[in-house]
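# Remarks on the overall topology
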Amino acid sequence: RDCSVIMPILHCSCILFYALLPLSSLGRSVVEACFIVRNPMPVGRKLRIKTLPSSYLRLSAPDDDLWDADGPLQKVWASSLPLPENAGHDPSIADRARNAMAGSHPAALEGRCDVDLGAFDGRVKWLHVDPPVMIVDGFLTDAECDEVLRLTDVSPPPFVGRVIRIESRLSESNKSSSTSSTVLRLSTTWYVRYAAAALSPLLRGLRKLLPNVALERVEEVQLVRYEGEGQGFGWHEDVLGIDQATPEAGGQRVATLLVYLDECDDGRTLFRDLQGEDDKRLGVSPKRGRALLFFPSLTGTTALGEAASMADGNSQRRKTFGDTYFDGTRADHRTTHAGEPPTGNRNKGQKHIAQLW
């Protein structure tokens, strides 16, 4: 009955539980702690703290490098539309891409969140057409990035409320004790309440870019640090499993917004099956204040989505989109991506990202 007593106990128990995970076999399986947080804006949102099963992130080919930026596309989706200038020598693909991007309500954005393409003084830039991938440079200023980074200090600034820090370790497989595991994710994550004033510019920018998204539909902000060449996040999708994307938890993730808080060597966000420049995988380099937007799921039935399913039907072993959830969403498997480890000594070999879903 008295949340002021229960919640601190639950917070401490959760932190202790995750601290012990690397010592337990549970660290290799599905783990999720989901609880109501006392959050003044909005009320009733849930904080998800989870690791995903190794099978969910398993590599499609055993010899594929975890973060191979220059490797060939693992899957060549017939439905995928790169930018016209990246379409190679096929003019029909370039024409389809141009048509899908055209107008104030592009066909490529049907079934996705409304995006204000004129926001941020026209700095919204397409990187891929279908599935849509965009960046916004100057989403946050240098000063705003500094304020967000202060939340990751050992002693966060006063009046920011609860900040939970978790060391994330997720392995594809665990071999003999004499052989180290193949690690698919190594990072440090901070879960921060909306009430932290440093997050205000981040949330205002979100509403500016996606004007029809209500804040009560947004998960609590996660701040992630990757440190050194050994820390990154292997190929994965951002969609939630059917047991996670429930009505009580707010449904499926329909948009991913990543904001880079500093710059580093390498450390790109790579899309495994999307074509970028020079016939290489699409990669987005960290740039301070830059936002990356893409859509891990599609809502409803759209003309472009149905055309995608038909185009891929004869050439793929699995469908373009996943099963339909209660909220009409379907996973877009083409958005499989990875976080490349930072390298070198720039910024002490660290990469910081603010994540919003």
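These numbers were taken from a predicted model, which means no experiment stands behind them. (Residues numbered from 1 in each chain as written. Predicted model: local features only at pLDDT ≥ 70, side-chain atom pairs only at ≥ 80, totals over all residues. Heavy atoms only, no water.)

## Observations concerning the overall build of the chain
This is how the line gets drawn: Under the DSSP-based scheme used, a helix requires at least four consecutive residues in state H or I and a strand at least two consecutive residues in state E, with every element numbered from the N terminus. Buried means the residue's accessible area, taken with a 1.4 Å probe over protein chains only, is under 20% of the maximum for its type, while exposed means over 50%, and partly exposed covers the values in between. In what follows, a contact means two residues having at least one pair of non-hydrogen atoms within 4.5 Å. Residue-level accessible areas treat just the shown protein chains as cover; the underlying method is Shrake-Rupley with a 1.4 Å probe.
Secondary structure assignment for the chain yields six helices and 19 strands. Counting all 357 residues of the chain, 54% fall into the buried class. A sequence separation of at least 24 residues applies to 72% of the contacts in the chain between residues at least 6 apart. When the accessible surface of the chain is totalled, it reaches about 16,400 Å², and 52% of it is carbon and sulfur.

## Topic: helix H2 (residues 91-101)
So the rule is basically this: Each direction from the helix axis to a C-beta atom contributes to the arc, which is the arc of those directions.
Every buried residue of H2 is listed here: Ala94, Ala97 and Ala100. One side of H2 carries all its buried residues, which in axial view fall inside an arc of 130°. Those residues of H2 that are exposed and angled more than 90 degrees off the buried face are Pro91 and Asn99.

## Side note on the nonpolar core
The test is simple: Each nonpolar core is a collection of buried residues, namely Ala, Val, Leu, Ile, Met, Phe, Trp, Tyr and Cys, held together in the definition by side-chain atoms within 4.5 Å.
Residues Phe139, Leu202, Leu209, Leu210, Leu257, Val259 and Leu293 are the most contacted members of the largest nonpolar core, which totals 46 residues. Top contributing element to this core by residue count: helix H5 (residues 200-209), with four residues. Beyond its immediate chain neighbours, meaning those up to four positions away, Leu210 contacts Cys113, Asp114, Val115, Ala255 and Leu293. Within the second largest apolar cluster, 15 residues are counted, among which are Leu127, Phe271, Leu292 and Ile353.

## Here we look at the pattern of salt bridges
Once their charged atoms are close, side chains differing in charge can pair, the charge on each being opposite to the other. To keep things clear, this is the line we draw: The term salt bridge refers to a side-chain nitrogen of Lys or Arg lying within 4 Å of a carboxyl oxygen of Asp or Glu.
Taken as a whole, this structure holds 17 salt bridges when the rule is applied. The partner of Arg288 in a salt bridge is Asp142, with the nearest N and O atoms 3.9 Å apart. With Arg288 in the loop between strand E13 (281-284) and strand E14 (291-294) and Asp142 in helix H4 (residues 142-149), this pair connects stretches of sequence that are 146 residues apart. Exposure remark for Asp142: the relative accessible area of 47% places this residue in the partly exposed category. For Glu219, the salt bridge identified is with Arg253, shortest N-O distance 2.8 Å. Highlighted residues: Glu219 in the loop between H5 and strand E8 (221-227) and Arg253 in the loop between strand E9 (233-236) and strand E10 (256-260), separated in sequence by 34 residues. Assessed through its relative accessible area of 5%, Glu219 is described here as buried. The network of salt bridges with common partners includes Arg112, Asp130, Asp332 and Arg334.

## Details of helix H6 (residues 303-313)
All of the buried residues along H6 are Gly305, Ala308 and Asp312. An end-on view of H6 places all buried positions within 55° of arc, on one side of the element. In H6, the exposed positions that point more than 90 degrees away from the buried face belong to Ala303 and Met310. Packing partners of the buried residues in H6 comprise strand E15 (297-299).

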